[in-house]
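Single-letter residue listing:
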Amino acid sequence: MKKLLTTLPLLALTTCAMAQSGYDKPYYLPGEGMYLVGLSTSTLKPAVNEPTLVTQAYKAHLNIYNTELASIKAGTTTYNLANRISDDATDLDLVSFMGVGNAYDLTVRDMDGNRYQLGDNAPNVKWYNTRLLAAQPDWKGQHTLPLCRYDQWDCPITYERDPLLDSDHYNTLRIDFGNPLEGLVATAVSFPLVCAPDYDATAELEVAINIYNEDCTDILEDYKGSVRISRVPLVSTLDDGTTIRNVNISLPSSGVVINTPFEVIISGFAGDELNVWLPRAIDNKGIYPTHTAYVDWYGEEDIAPMADIKANSDAVVNIEGYFNYIGTWGWWDGKYERGEVVSSADLVQIYYDPADPDWPGNYFMGEAGFPIECTFGAEDITIYDAPDWINAISYDESQWDEYGCVQITMAADALPNDMTGRNGKVVLCTRDRASFYTIYIRQGAAWFNMDDDTEGIDTPLAPERQPMTDGALYDMRGRRISTPVKGQPYVRGGKTYIDL
């Protein structure tokens, strides 16, 4: 898919309001930054065998309704989540609970004994467990999953013709994917395409991703491509000759990091006798929101249907991808830390006390081997920035299997004789540049310089990213080096070396 810089005017993101329909039983919906696992477009079956939600580590919120109690299981332990329900009983806050990993049996209840897990409202099939994945690596061997906004678990999928997508109807579908918040790496857009027996095989559909700024006032990036329908792989043929095809459009090979609101736009449905449409998830309860908008009316003027005519359905469109994370081990808000080193050359002592969950982070503890939590382990950690007086950074994975913890150790040069103190920062990131972590460092008579925005690191765009997995030598800022300098630290294959 060709990436284009855009000067197009902003198209407002839209999500139709949910109709409550007097429904008074407990249920929940994914919160911001949380996605459902959708349909596999190559098999037309769920990509996983149980209702599954995916989120970034330490970001999980659920919107809850008619709920007084909640619980979840992790390992063999059941956790009571009642104290995580907001005062107005609209939000279930799992931010400090769900680090990198997975939990199951996510259940909400009321005092009358009514209960709900994702999938319980399915009319014709019953599911027996709900899974919550938080930056979970390679779940069931799948590096990426089809992430979506439609709820195939509670709302059955229909392949029947969409009456709003025809030669004299709407030309475009826009799917609001909301704000993933941090760490989403998108690798493809996928969706099933239903083709009537007399569809126009020469026609093309246009597919685009628009990535907005936080306020949804400007498009920061967009990715555009086209699909020749006759070249789309066939998945299934129905008795009447209708075919279902698998559209899968790859994004740049390094993936696209998305950490602000975005949408997928599919257009070209209103061609002459095109006769193609997308499957839809149908809400039979009147409680599930739609994230699909029909735009670009091609019919007669003044007779376009009301915008909410499809409020009970959601188009089946996926973002293939995964969440990545790096931060302080076991600390829900651990995106930066501080450390210090004595004036003589020594190891950096980092402020941290893993034994105390209420540790405020404002006094010196001095951990030279500092624990970091990440999705894929030490091999996925790379150095985005570091001062030249940090001469070595090494990683220890001896606690990885038991705790999911990587110990980082940093060494510094001696403070020069003509200096009383200095400060700097080491910025670590995942190889895909999806998640960042900053350690502020001081030496001698200096204090920490924390004036910069730790959440606002300027991430290079995909074409400029260096994967640093090709065996080449890189300096501590990630720049490729052809001629190393004796005594300087370098990175090769994710490990730090000092040229001797």
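Each remark here, short or long, concerns the structure printed above.
Per-chain numbering applies: the sequence of each chain, read as written, is numbered from 1 onward. Restriction of local features to residues with pLDDT of at least 70 applies here, the model being predicted, together with a cutoff of 80 or more for giving and counting side-chain atom pairs; totals for whole chains, interfaces and linings are based on all residues. Just so you know, side-chain values use all the structure's heavy atoms and leave hydrogens and water out.

**Q** What is the right way to look at the environment of valine 257 in this model?
**A** Following the sequence through the fold, valine 257 ends up in strand E22 (residues 256–258). Note on valine 257: relative accessible area 12%, which makes it buried. With 175 residues separating them in the primary sequence, valine 257 and aspartate 432 have C-alpha atoms 7.6 Å apart. Note on conventions: DSSP H or I runs of at least 4 residues are helices, E runs of at least 2 residues are strands, and numbering of each starts at the N terminus. Partly exposed residues are those whose accessible area sits between 20% and 50% of the maximum for their type, while under 20% is buried and over 50% is exposed, using a 1.4 Å probe and protein chains only.

**Q** Honestly, the pairing of strand E38 (residues 436–444) in this entry has me stumped. Any pointers?
**A** The side chains of a regular strand alternate, first on one face of the sheet and then on the other. Among the nine residues of E38, eight are classified as buried, and the element is accordingly described as predominantly covered. Here strand E30 (residues 336–341) pairs with E38 via six bridges, running parallel. Within E38, the position partnered with glutamate 337 by the bridge is isoleucine 439. Pairing geometry for strand E37 (residues 421–430) and E38, over nine bridges, is antiparallel. Across the sheet, glycine 424 pairs through a bridge with isoleucine 441, a residue of E38. Between E37 and the antiparallel strand that follows it, E38, lie five residues; arginine 433 among them carries a positive phi value of about 60°. Strands qualify as paired when DSSP identifies two bridges or more between them.

**Q** Hey, could you run me through empty space enclosed by the protein in this one?
**A** Here the idea is plain: a probe the size of a water molecule rolls over the atoms and shows the empty space left. Put plainly, a pocket is an open set of points on a 1 Å grid over the protein atoms alone with protein on both sides within 12 Å along at least five of seven lines, a cavity is a set where a 1.4 Å probe fits but cannot get out, and a lining residue has an atom within 4 Å of a point. Grid points are joined across faces, edges and corners, and a volume is the space filled by probe spheres set on the points. This model, assessed by the stated rule, comprises one cavity of 30 Å³ or more. Taken as a whole, the largest cavity encloses approximately 110 Å³ of empty space. Around the largest cavity sit 16 residues that line it, and Val54, Gln136, Leu145, Tyr322 and Phe323 are the ones nearest its centre. Those elements that place two or more of their residues in the lining of the largest cavity are strand E6 (52–55) and strand E28 (318–323). Broken down by element, the residue count for the lining of the largest cavity peaks at three residues, all from E28. Considering only residue class, the lining of the largest cavity consists of nine nonpolar, six polar and one charged. Any residue that is not Ala, Val, Leu, Ile, Met, Phe, Trp, Tyr, Cys, Pro, Asp, Glu, Lys or Arg is counted as polar, Gly included; the first ten are nonpolar and the last four charged.

**Q** What exactly am I supposed to notice about the nonpolar core here?
**A** When a protein is soluble and globular, its nonpolar side chains tend to lie buried together. Throughout this description, the term nonpolar core refers to a set of buried Ala, Val, Leu, Ile, Met, Phe, Trp, Tyr and Cys residues connected via side-chain atoms within 4.5 Å. One finds Leu193 and Val317 to be the most contacted residues of the largest nonpolar core, which totals 91 residues. Ranked by the residues each element gives to this core, the list is headed by strand E17 (residues 184–195), at seven residues. Only heavy atoms matter for contacts: two residues are in contact if any of them lie within 4.5 Å across the pair. Ignoring sequence-local partners within four residues, the contact set of leucine 193 consists of Leu205, Ile229, Thr243, Ile244, Arg245, Val247, Phe269, Val276, Trp277 and Leu278. In terms of nonpolar packing, the next biggest core, distinct from the first, is built from 24 residues, Cys374, Ile390, Met410 and Val426 among them.

**Q** Would you mind showing me how to read the sheet that holds strand E27 (residues 313–315) here?
**A** By way of backbone hydrogen bonds, the strands of a sheet pair with one another, either parallel or antiparallel. The three strands are arranged E15-E25-E27 in an open sheet whose pairing can be described as antiparallel. The two strands at the open ends of the sheet, each matched to only one other strand, are strand E15 (157–158) and E27. Summarising the sheet, strand E25 (residues 280–282) and E27 pair through three bridges and their orientation is antiparallel. Note on E27: the bridge partner recorded for alanine 281 is aspartate 314.

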